[in-house]
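What follows is the residue order along each chain.
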Amino acid sequence: MRNLKTIENRVLAVLKEHPEARNDDMKLYLLISKACIYDTHGISHFSFEDVMSNYKAYGIPCFESIRRTRQKIQAKYPELGCSPEVRRARHKMQHVYSDYAKS
């Protein structure tokens, strides 16, 4: 999945079909991984170790690309954003990470 437009289309589809993925990046990663593995190998069950060891062969984009694409999509389509509760929690944690980075 080297094409960023392909990643964007896949992430957009997952965010539309699975609202729980809007609140949890790990859930989003899982759903993207499942879709990629099914598309490339026709299987839907796999181990974590297998995915981490063979993500390139499965056509799974790196997690950072998925996260950045999610942010871009949510900026463009606010209705696909996280819940207000998650937004507040993330905002609170922003200060913690900021303080950590400065220390």
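Let us look at the structure shown here. Please read all numbers here as calculations on a predicted model, not as lab measurements. (Residues numbered from 1 in each chain as written. Predicted model: local features only at pLDDT ≥ 70, side-chain atom pairs only at ≥ 80, totals over all residues. Heavy atoms only, no water.)

## With respect to the packing of helix α2 (residues 25-41) against helix α4 (residues 63-76)
Consideration 1: Between α2 and α4, the least distance of the axes is 10 Å, while the angle of their chain directions is 115°. In terms of axis orientation, α2 runs roughly perpendicular to α4. In this structure, the crossing between α2 and α4 has a hand that is right-handed. Contacts between α2 and α4 involve Asp25, Leu28, Tyr29 and Ile32 on the former and, on the latter, Phe63, Ile66, Arg67 and Arg70.
Consideration 2: Looking at the contact of α2 with α4 residue by residue, the class counts come to five nonpolar, no polar and three charged. (Axes fitted to C-alpha atoms, helices over the stretch in contact; angles between N-to-C directions. Helix = DSSP H or I, 4+ residues; strand = E, 2+ residues; numbered from the N terminus. Parallel < 35°, antiparallel > 145°, perpendicular 65-115°, else oblique. Left-handed = near helix turned anticlockwise from the far one by under 90°. Contact = heavy atoms within 4.5 Å. Nonpolar A, V, L, I, M, F, W, Y, C, P; charged D, E, K, R; others polar.)

## Considerations on the pattern of salt bridges
Consideration 1: For the structure on display, the rule yields five salt bridges.
Consideration 2: A salt bridge links Arg10 to Asp39, with the shortest nitrogen-to-oxygen separation between them at 2.6 Å. Taken as a pair, Arg10 in helix α1 (residues 4-17) and Asp39 in helix α2 lie far apart in primary sequence, 29 residues in all.
Consideration 3: Exposure remark for Asp39: the relative accessible area of 52% places this residue in the exposed category.
Consideration 4: When the shortest N-O distance is used, the salt bridge between Arg68 and Glu64 registers 3.0 Å. Taken together, the residues Arg68 and Glu64, both in helix α4 and four residues apart, mark about one turn of the helix.
Consideration 5: On the basis of relative accessibility, which here comes to 54%, the residue Arg68 falls in the exposed class.
Consideration 6: Residue classification places Glu64 among the partly exposed positions, given a relative accessible area of 33%. (Salt bridge = Lys/Arg side-chain N within 4 Å of Asp/Glu carboxyl O. Buried < 20%, exposed > 50% of the residue type's maximum accessible area, 1.4 Å probe, protein only.)

## Some details on α2
Consideration 1: The end-to-end C-alpha separation of α2 is 24 Å, in line with the 24 Å expected for 17 residues at 1.5 Å each.
Consideration 2: Residues of α2 that are buried: Asp25, Leu28, Tyr29, Leu31, Ile32, Ser33, Cys36 and Ile37.
Consideration 3: For α2, the N-terminal cap is Asp24; the gap from its side-chain oxygen to the backbone nitrogen of Met26 is 3.0 Å.
Consideration 4: After α2 finishes, the residue Gly42 shows a positive phi value of roughly 70°. (Expected span 1.5 Å × (residues − 1). Polar contact = N/O pair within 3.5 Å; in protein donor to acceptor, adjacent residues only side chain to side chain.)

## What about the nonpolar core?
Consideration 1: In terms of nonpolar packing, the biggest core is built from 18 residues, with Val11, Val14, Leu28, Ile32, Ile60, Ile66 and Ile73 touching the most fellow members.
Consideration 2: In terms of residue count, α2 provides more of this core than any other element does, six residues in total.
Consideration 3: Once you skip the residues sitting within four places of it in the chain, Val14 turns out to touch Ala21, Leu28, Leu31 and Ile32. (Core = buried A, V, L, I, M, F, W, Y, C linked by side-chain atoms within 4.5 Å.)

Geometry only, nothing functional implied.
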